[in-house]
Amino acid sequence: MQGPLVTDPSSRRLCFCSISHVAAFICFVFILGTSFVVFDFKEKVSTGSSTDFVGITRGTSEIGLSNLQAHQADSWSHDTNLGTTGSNSCKSACISSGSEPLPKGIVCRTSDMEMVPLWGPPNGKENNILQKSLLAMPVGIKQKEIVNQIIIKFASSDFTIILFHYDGVVDEWKDLQWSGSALHISAINQTKWWFAKRFLHPDIVAPYKYVFLWDEDLEVENFHPEKYLTIVEREGLEISQPALDPAKSRIHHQITVRSRKGDVHRRMYKFNGGSKCYKNSSAPPCTGWVELMAPVFSRAAWRCAWHMIQSDLIHAWGLDMKLGYCVQGDRSKHVGVVDSEYIVHKGLPTLGWFDHKTVSSERPAANGRYAVRQRSYVESEIFRKRWQKAVSEDNCWSDPYPEPKTYPG
């Protein structure tokens, strides 16, 4: 009969050491994993916060870039961190192309149109938190007095002013009091949509709450920018325009005519002729439509609209019929015409009519204005076909505004 096993003391010590090593390894793995979870949580919390304002000053600027990126499209936010795990927490779909070699804290994705002094500290005494808006206009020297009256109205408000000089004349504006604080950009024979596509990129104008992209032939005696924006915000209009005084304006579309019944209207009614508009009509220009002569965009709406502007289609004809896609929600509610703050559209023919002998060696034909109009019609058809092609080729996109047939009702 075999007796009980006698354990060797050296074997007992070896076993105890093995168990200790395993336990220590398990503790190390647990502590290391916990630190990664805590770090990942802190990183998400720190990058997930956002504020509802951007600090802008004339001469100096201080923008919370991480906050601006989280809020730059207003309510058009997309959470790119959903489903993030420890293995891909350092990957971001929002990294700018070309910034990958840099630490993300140094990447400056946005800018503004504010002038900065050559001396003094970057954060001077004038660094106040503002909610500025932007007025951008194509201008020619022949409309100097009309433009001056417009800018006097806006310069007294919290606006940054940009003038696009399509006739090449810049120096002759220097005698106006506000000229030194405005930005002047010159390119011969170019339209405001050519300028806007190249100089109003959404990341450059991101700090501005609203973008006014106006023509120069407008009278603003009955228009006040502050009151206008108060109405726009109250009514939830993301794309808007001031109504036109029917007694003095050149009217192209009935929906732009001023109504005396309230502050805002969002649709028109037309029972005769072509393109009838009834109460149940849901497509532009019956509703969800503004004219391209004096549009006003919210920050989010402009980010979308800029991408729809075609670089080679400089007159932007046809764009007005699709702008409603750039508002969040129902375009019949978030696109409208402000009646209580109205303007006069003089309808002056500008492009193709100024004195080319003094500003350009590349003169158009004698019937330059007619040629401009023909080009506009051609661009409209090109844009229409591009839209149809894009819709047919994008299997991931569904039209939120299918075109229903409308009937009297």
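What you see is a predicted model; the values in this text were computed from it and never measured. (Residues numbered from 1 in each chain as written. Predicted model: local features only at pLDDT ≥ 70, side-chain atom pairs only at ≥ 80, totals over all residues. Heavy atoms only, no water.)

Undergrad: Tell me about helix 3 (residues 144–155), residues and numbers included.
TA: Helix length check: helix 3, at twelve residues, gives a terminal C-alpha distance of 16 Å against a target of 16 Å (1.5 Å per residue), a fit within 8%. All of the buried residues in helix 3 are Ile146, Val147, Asn148, Ile150, Ile151 and Phe154. Close packing links the buried residues of helix 3 with strand 3 (133–139), strand 4 (159–165), strand 6 (210–213), strand 7 (218–219) and helix 5 (225–235). (Helix = DSSP H or I, 4+ residues; strand = E, 2+ residues; numbered from the N terminus. Expected span 1.5 Å × (residues − 1). Buried < 20%, exposed > 50% of the residue type's maximum accessible area, 1.4 Å probe, protein only. Contact = heavy atoms within 4.5 Å.)

Undergrad: With reference to specific residues and values, describe unusual backbone geometry.
TA: Here the amide bond leading from proline 284 into proline 285 is cis, since omega sits at 0°, within 30 degrees of zero. The residue proline 285 is located in the loop between strand 9 (264–265) and strand 10 (296–298) in this model. Positive phi outside glycine occurs at asparagine 189, with the angle close to 60°. Along the chain, asparagine 189 turns up in the loop between strand 5 (183–186) and helix 4 (192–199).

Undergrad: Got a sec to walk through the pattern of salt bridges? Specific residues and values, please.
TA: The full count for this structure, using the stated rule, is 14 salt bridges. Lysine 209 is paired through a salt bridge with glutamate 233; the nearest N and O atoms lie 2.7 Å apart. Placement of the pair is lysine 209 in the loop between helix 4 and strand 6 and glutamate 233 in helix 5, with a sequence separation of 24 residues. Classification of lysine 209 as partly exposed rests on a relative accessible area of 28%. According to the relative accessible area criterion, glutamate 233 is partly exposed, its value standing at 40%. Linked through salt bridges whose partners overlap, the residues forming this network are Arg234, Glu235, Asp263 and Arg266. (Salt bridge = Lys/Arg side-chain N within 4 Å of Asp/Glu carboxyl O.)

Undergrad: So, the nonpolar core: which residues are in play, and what are the values?
TA: Membership of the largest hydrophobic core comes to 40 residues, with the highest contact counts inside it found for Ile162, Leu200, Ile239, Trp302, Leu319 and Leu323. Elements with a contribution of two residues or more to this core: strand 3, strand 4, strand 5, helix 4, strand 6, helix 6 (299–308) and helix 9 (368–393). Dropping the residues within four chain positions of it, isoleucine 239 is found in contact with Val290, Val296, Phe297, Ala301, Leu323, Cys326, Val327, His334, Val335 and Gly336. Phe159, Leu163, Leu176 and Leu218 belong to the second largest nonpolar core, which has 33 residues in total. (Core = buried A, V, L, I, M, F, W, Y, C linked by side-chain atoms within 4.5 Å.)

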